[in-house]
Amino acid sequence: MKARVTRHPLRSAGVAVALLLVLAAVALGMWRPWAALPSAAPIGAAAQGDGAAPAAIAPAPLVLPEHPTVLVFGDSWTYGSAATVRTEGYAYQLAGLLDGETIVDGVRGSGYLKPGLDGPTFGERIAALDPALTPDLVIVQGSINDRAQGEAGYREAVTSAWDALTAKYPEATIVVLGPAPHELPVGAATTRIDADLAELAAARGWWYISPIAQDWITEENYLDVIDVDLGRKHPSTAGHRYLAEKVAAALTELTGAPVTEAGGSETTPEQ
(Lines give C-alpha, C1' and ligand atoms only; values in the text may rest on other atoms or scores of the structure.)
Protein backbone atom coordinates (compact mmCIF):
# COMPACT_ATOMS: atom_id res chain seq x y z
CA MET A 1 0.00 0.00 0.00
CA LYS A 2 1.44 3.42 -1.03
CA ALA A 3 1.77 6.13 1.62
CA ARG A 4 -0.43 9.17 1.16
CA VAL A 5 1.35 12.51 0.30
CA THR A 6 0.96 15.16 3.02
CA ARG A 7 2.23 18.69 3.70
CA HIS A 8 4.54 17.48 6.51
CA PRO A 9 7.01 15.08 4.83
CA LEU A 10 9.35 14.53 7.81
CA ARG A 11 6.62 13.91 10.36
CA SER A 12 4.70 11.79 7.88
CA ALA A 13 7.78 9.73 7.15
CA GLY A 14 8.20 9.05 10.87
CA VAL A 15 4.57 8.05 11.23
CA ALA A 16 4.83 5.80 8.19
CA VAL A 17 7.93 4.08 9.52
CA ALA A 18 6.28 3.52 12.91
CA LEU A 19 3.19 2.13 11.22
CA LEU A 20 5.25 -0.28 9.13
CA LEU A 21 7.07 -1.52 12.24
CA VAL A 22 3.76 -2.17 14.00
CA LEU A 23 2.37 -4.06 11.01
CA ALA A 24 5.56 -6.12 10.74
CA ALA A 25 5.38 -7.03 14.44
CA VAL A 26 1.76 -8.13 14.10
CA ALA A 27 2.51 -10.14 10.99
CA LEU A 28 5.42 -11.91 12.65
CA GLY A 29 3.34 -12.64 15.72
CA MET A 30 0.71 -14.34 13.56
CA TRP A 31 3.05 -16.08 11.13
CA ARG A 32 5.98 -17.14 13.35
CA PRO A 33 8.00 -18.78 10.54
CA TRP A 34 10.30 -20.41 13.08
CA ALA A 35 7.39 -22.30 14.69
CA ALA A 36 6.51 -25.79 13.43
CA LEU A 37 3.26 -25.92 11.48
CA PRO A 38 0.61 -28.42 12.64
CA SER A 39 0.68 -31.62 10.63
CA ALA A 40 -2.38 -33.25 9.11
CA ALA A 41 -0.43 -36.12 7.58
CA PRO A 42 -2.15 -39.48 7.97
CA ILE A 43 -0.48 -42.05 10.21
CA GLY A 44 2.44 -43.68 8.47
CA ALA A 45 1.92 -41.78 5.23
CA ALA A 46 4.81 -42.05 2.80
CA ALA A 47 6.80 -38.89 2.02
CA GLN A 48 5.39 -36.94 -0.89
CA GLY A 49 7.20 -35.52 -3.90
CA ASP A 50 7.56 -31.89 -4.90
CA GLY A 51 4.49 -31.89 -7.16
CA ALA A 52 1.30 -30.04 -6.29
CA ALA A 53 -0.80 -32.03 -3.83
CA PRO A 54 -4.40 -31.68 -2.68
CA ALA A 55 -4.75 -29.86 0.61
CA ALA A 56 -4.72 -32.27 3.54
CA ILE A 57 -7.64 -32.33 5.98
CA ALA A 58 -6.88 -33.47 9.51
CA PRO A 59 -8.88 -36.65 10.21
CA ALA A 60 -11.12 -36.79 13.26
CA PRO A 61 -10.39 -39.42 15.94
CA LEU A 62 -11.89 -42.78 15.03
CA VAL A 63 -15.10 -43.53 16.94
CA LEU A 64 -16.56 -47.05 16.83
CA PRO A 65 -19.37 -48.71 18.76
CA GLU A 66 -18.58 -51.37 21.34
CA HIS A 67 -19.15 -54.22 18.89
CA PRO A 68 -18.48 -52.75 15.44
CA THR A 69 -19.46 -54.13 12.06
CA VAL A 70 -16.48 -53.74 9.73
CA LEU A 71 -16.47 -54.20 5.97
CA VAL A 72 -12.97 -55.21 4.89
CA PHE A 73 -12.58 -54.66 1.16
CA GLY A 74 -9.42 -55.52 -0.76
CA ASP A 75 -7.38 -57.97 -2.79
CA SER A 76 -5.89 -61.43 -2.22
CA TRP A 77 -4.52 -60.46 1.20
CA THR A 78 -8.07 -59.66 2.29
CA TYR A 79 -9.30 -62.80 0.54
CA GLY A 80 -7.05 -64.86 2.83
CA SER A 81 -4.64 -66.24 0.25
CA ALA A 82 -1.91 -68.57 1.63
CA ALA A 83 -3.62 -69.02 5.01
CA THR A 84 -4.05 -72.70 5.84
CA VAL A 85 -7.78 -72.05 5.92
CA ARG A 86 -9.11 -69.01 4.11
CA THR A 87 -11.05 -67.86 7.18
CA GLU A 88 -7.73 -67.59 9.03
CA GLY A 89 -6.92 -64.57 6.87
CA TYR A 90 -6.27 -61.27 8.60
CA ALA A 91 -9.66 -59.80 7.69
CA TYR A 92 -11.48 -62.66 9.39
CA GLN A 93 -9.22 -62.66 12.44
CA LEU A 94 -9.76 -58.93 12.84
CA ALA A 95 -13.33 -59.55 14.05
CA GLY A 96 -12.20 -61.16 17.29
CA LEU A 97 -9.57 -58.53 17.93
CA LEU A 98 -12.15 -55.76 17.57
CA ASP A 99 -14.85 -57.73 19.42
CA GLY A 100 -17.13 -57.23 16.46
CA GLU A 101 -18.08 -58.62 13.07
CA THR A 102 -16.18 -58.42 9.79
CA ILE A 103 -17.74 -58.63 6.35
CA VAL A 104 -14.94 -59.75 4.06
CA ASP A 105 -14.83 -58.82 0.37
CA GLY A 106 -11.48 -59.82 -1.10
CA VAL A 107 -10.76 -60.64 -4.74
CA ARG A 108 -7.42 -62.11 -5.77
CA GLY A 109 -5.48 -59.98 -8.25
CA SER A 110 -7.94 -57.08 -8.13
CA GLY A 111 -6.92 -53.43 -8.10
CA TYR A 112 -8.27 -50.00 -9.01
CA LEU A 113 -7.21 -50.48 -12.64
CA LYS A 114 -6.61 -54.23 -12.85
CA PRO A 115 -9.42 -56.80 -12.87
CA GLY A 116 -8.96 -59.74 -10.52
CA LEU A 117 -9.02 -63.50 -10.91
CA ASP A 118 -12.42 -63.84 -9.26
CA GLY A 119 -13.94 -60.46 -9.99
CA PRO A 120 -13.49 -57.06 -11.63
CA THR A 121 -11.76 -53.85 -10.53
CA PHE A 122 -12.30 -52.13 -7.20
CA GLY A 123 -14.71 -49.60 -8.69
CA GLU A 124 -16.91 -52.23 -10.33
CA ARG A 125 -16.89 -54.33 -7.18
CA ILE A 126 -17.92 -51.34 -5.05
CA ALA A 127 -20.83 -50.73 -7.42
CA ALA A 128 -21.95 -54.32 -6.81
CA LEU A 129 -21.78 -54.15 -3.00
CA ASP A 130 -25.03 -54.68 -1.11
CA PRO A 131 -26.45 -51.23 -0.26
CA ALA A 132 -28.40 -52.78 2.62
CA LEU A 133 -25.16 -53.37 4.56
CA THR A 134 -24.69 -50.98 7.46
CA PRO A 135 -20.97 -51.11 8.33
CA ASP A 136 -19.69 -48.86 11.08
CA LEU A 137 -16.25 -48.95 9.48
CA VAL A 138 -15.00 -49.73 5.98
CA ILE A 139 -11.35 -50.71 5.57
CA VAL A 140 -10.15 -50.42 1.97
CA GLN A 141 -6.97 -52.49 1.65
CA GLY A 142 -4.30 -52.37 -1.06
CA SER A 143 -3.55 -52.84 -3.69
CA ILE A 144 -0.16 -53.77 -5.11
CA ASN A 145 -1.92 -55.27 -8.12
CA ASP A 146 -1.89 -51.96 -10.00
CA ARG A 147 1.87 -51.61 -9.94
CA ALA A 148 2.24 -52.78 -13.56
CA GLN A 149 -0.61 -50.58 -14.82
CA GLY A 150 1.28 -47.30 -14.63
CA GLU A 151 0.23 -43.88 -13.39
CA ALA A 152 -2.16 -42.95 -16.21
CA GLY A 153 -5.72 -42.92 -14.93
CA TYR A 154 -4.79 -44.33 -11.53
CA ARG A 155 -5.78 -41.40 -9.35
CA GLU A 156 -8.96 -40.94 -11.34
CA ALA A 157 -9.89 -44.59 -10.79
CA VAL A 158 -9.22 -44.31 -7.07
CA THR A 159 -11.27 -41.12 -6.80
CA SER A 160 -14.20 -42.64 -8.68
CA ALA A 161 -14.16 -45.80 -6.54
CA TRP A 162 -13.99 -43.84 -3.29
CA ASP A 163 -16.79 -41.51 -4.40
CA ALA A 164 -18.98 -44.54 -5.06
CA LEU A 165 -18.09 -46.05 -1.70
CA THR A 166 -19.02 -42.91 0.26
CA ALA A 167 -22.26 -42.61 -1.70
CA LYS A 168 -23.18 -46.22 -0.92
CA TYR A 169 -22.31 -46.09 2.81
CA PRO A 170 -22.57 -42.42 3.79
CA GLU A 171 -22.75 -43.18 7.52
CA ALA A 172 -19.66 -45.39 7.62
CA THR A 173 -16.17 -44.27 8.61
CA ILE A 174 -13.62 -45.16 5.93
CA VAL A 175 -9.99 -46.04 6.67
CA VAL A 176 -7.55 -46.82 3.87
CA LEU A 177 -5.00 -49.57 4.50
CA GLY A 178 -2.21 -49.09 2.02
CA PRO A 179 -0.35 -51.83 0.17
CA ALA A 180 1.99 -54.04 2.17
CA PRO A 181 5.21 -55.26 0.54
CA HIS A 182 5.12 -58.82 -0.77
CA GLU A 183 8.84 -58.64 -1.43
CA LEU A 184 11.82 -56.60 -0.31
CA PRO A 185 13.15 -54.13 -1.12
CA VAL A 186 9.86 -52.38 -1.84
CA GLY A 187 9.51 -51.62 -5.55
CA ALA A 188 9.22 -48.09 -6.94
CA ALA A 189 5.72 -48.74 -8.33
CA THR A 190 4.47 -49.96 -4.95
CA THR A 191 5.99 -46.91 -3.25
CA ARG A 192 4.25 -44.66 -5.78
CA ILE A 193 0.89 -46.34 -5.09
CA ASP A 194 1.40 -45.91 -1.36
CA ALA A 195 2.15 -42.20 -1.80
CA ASP A 196 -0.80 -41.63 -4.15
CA LEU A 197 -3.28 -43.33 -1.83
CA ALA A 198 -1.94 -41.48 1.22
CA GLU A 199 -2.28 -38.14 -0.53
CA LEU A 200 -5.79 -38.81 -1.84
CA ALA A 201 -6.97 -40.06 1.55
CA ALA A 202 -5.52 -36.98 3.29
CA ALA A 203 -7.42 -34.73 0.89
CA ARG A 204 -10.68 -36.35 2.11
CA GLY A 205 -9.79 -36.25 5.77
CA TRP A 206 -9.58 -40.06 5.90
CA TRP A 207 -7.13 -41.98 8.01
CA TYR A 208 -4.46 -43.74 6.02
CA ILE A 209 -2.43 -46.62 7.46
CA SER A 210 0.81 -47.35 5.61
CA PRO A 211 2.37 -50.75 6.36
CA ILE A 212 5.31 -49.65 4.21
CA ALA A 213 6.06 -46.42 6.06
CA GLN A 214 5.48 -48.10 9.43
CA ASP A 215 7.83 -50.99 8.59
CA TRP A 216 5.37 -53.76 9.31
CA ILE A 217 7.37 -56.12 7.12
CA THR A 218 11.13 -55.93 7.35
CA GLU A 219 14.11 -58.09 6.48
CA GLU A 220 14.08 -59.36 10.06
CA ASN A 221 10.49 -60.68 10.02
CA TYR A 222 9.88 -61.17 6.29
CA LEU A 223 10.02 -64.98 6.29
CA ASP A 224 7.86 -65.12 9.43
CA VAL A 225 5.14 -63.09 7.72
CA ILE A 226 5.36 -64.05 4.05
CA ASP A 227 5.06 -67.56 2.60
CA VAL A 228 7.54 -67.45 -0.28
CA ASP A 229 6.93 -71.07 -1.36
CA LEU A 230 3.40 -72.44 -1.79
CA GLY A 231 1.96 -69.11 -0.71
CA ARG A 232 3.56 -67.31 -3.65
CA LYS A 233 4.62 -64.34 -1.52
CA HIS A 234 1.36 -63.99 0.40
CA PRO A 235 1.08 -63.95 4.20
CA SER A 236 1.26 -67.32 5.94
CA THR A 237 -1.34 -68.18 8.59
CA ALA A 238 0.99 -66.73 11.24
CA GLY A 239 1.57 -63.74 8.94
CA HIS A 240 -2.17 -63.13 8.65
CA ARG A 241 -2.47 -63.20 12.43
CA TYR A 242 0.36 -60.69 12.68
CA LEU A 243 -1.30 -58.40 10.13
CA ALA A 244 -4.65 -58.63 11.94
CA GLU A 245 -2.95 -57.55 15.16
CA LYS A 246 -1.14 -54.69 13.43
CA VAL A 247 -4.38 -53.44 11.86
CA ALA A 248 -6.25 -53.69 15.16
CA ALA A 249 -3.45 -51.83 16.96
CA ALA A 250 -3.42 -49.12 14.28
CA LEU A 251 -7.18 -48.66 14.60
CA THR A 252 -6.80 -48.37 18.36
CA GLU A 253 -4.19 -45.67 17.81
CA LEU A 254 -6.63 -43.74 15.62
CA THR A 255 -9.09 -43.55 18.50
CA GLY A 256 -6.47 -41.77 20.58
CA ALA A 257 -6.13 -44.66 23.01
CA PRO A 258 -2.73 -46.15 23.94
CA VAL A 259 -1.41 -48.49 21.26
CA THR A 260 -0.87 -52.12 22.20
CA GLU A 261 -0.47 -55.27 20.19
CA ALA A 262 -4.06 -56.43 20.01
CA GLY A 263 -4.75 -59.81 21.51
CA GLY A 264 -1.19 -60.34 22.71
CA SER A 265 -0.90 -63.38 20.47
CA GLU A 266 2.15 -65.56 20.84
CA THR A 267 2.13 -65.96 17.05
CA THR A 268 3.21 -62.36 16.46
CA PRO A 269 6.48 -62.51 14.50
CA GLU A 270 9.48 -60.89 16.06
CA GLN A 271 10.48 -57.56 14.55
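Residues numbered from 1 in each chain as written. Predicted model: local features only at pLDDT ≥ 70, side-chain atom pairs only at ≥ 80, totals over all residues. Heavy atoms only, no water.

The name that an unreviewed UniProt entry assigns to the protein chain is SGNH/GDSL hydrolase family protein, with the source organism given as Microbacterium croceum.

Counting secondary structure elements, the protein chain contains eight helices and seven strands. Per-residue burial for the protein chain yields a buried fraction of 44% across its 271 residues. Within the structure as shown, the protein chain displays about 14,300 Å² of accessible surface, and the carbon and sulfur contribution to it stands at 58%. (Helix = DSSP H or I, 4+ residues; strand = E, 2+ residues; numbered from the N terminus. Buried < 20%, exposed > 50% of the residue type's maximum accessible area, 1.4 Å probe, protein only. Areas by Shrake-Rupley, 256 points an atom, 1.4 Å probe, with all protein chains shown as cover.)

Its boundaries defined by the atoms lining it, the largest pocket holds a volume of some 440 Å³. What lines the largest pocket is a set of 19 residues, and nearest its centre among them are Ser 76, Gly 109, Asn 145, Arg 232 and His 234. By residue class, the composition of the lining of the largest pocket is six nonpolar, seven polar and six charged. (1 Å grid on protein atoms, 1.4 Å probe; cavity = no way out; pocket = protein on both sides within 12 Å on 5 of 7 lines; lining within 4 Å. Points joined across faces, edges and corners; volume = space filled by probe spheres on them. Nonpolar A, V, L, I, M, F, W, Y, C, P; charged D, E, K, R; others polar.)

Moving on to the packing of aromatic side chains. Per the counting criterion, the structure on display carries five aromatic pairs. Ring geometry for Phe 73 against Phe 122: centres 5.1 Å apart, planes inclined by 80°, an arrangement best described as edge-to-face. Taken together, the residues Phe 73 in strand E1 (residues 69-74) and Phe 122 in helix H4 (residues 122-127) connect sequence positions 49 residues apart. Residue Phe 73 is classed as buried on the basis of its relative accessible area, which comes to 2%. Given the relative accessible area of 0%, Phe 122 is considered buried. Grouping aromatic residues by their ring pairs yields a cluster made of Phe 73, Tyr 112, Phe 122, Tyr 154, Trp 162 and Trp 206. In this arrangement the basic side chain of Arg 125 is found over the ring face of Phe 73, its NZ or CZ atom lying 4.1 Å from the centre. For Arg 204, the ring lying beneath its charged end belongs to Trp 206, and the centroid distance is 5.1 Å. (Phe/Tyr/Trp six-rings, centres within 6.5 Å; stacked < 30°, edge-to-face > 60°. Lys NZ or Arg CZ within 6 Å of the ring centre and 35° of its normal.)

What the five strands build is an open sheet, ordered E2-E1-E3-E4-E5; its pairing is parallel. The open sheet has two edge strands with one neighbour each: strand E2 (101-106) and strand E5 (207-209). With strand direction ignored, the average angle separating the axes of adjacent strands in the sheet is 20°. Strands in contact with helix H3 (residues 90-98) are E1, E2, strand E3 (137-141) and strand E4 (173-177); relative to E2, the strand with the most contacts, it is inclined by about 165°. Here helix H8 (residues 237-254) sits on the sheet and contacts E3, E4 and E5; the angle it forms with E5, its principal contact strand, is near 150°. (Pairing = 2+ DSSP bridges. Axes fitted to C-alpha atoms, helices over the stretch in contact; angles between N-to-C directions. Contact = heavy atoms within 4.5 Å.)

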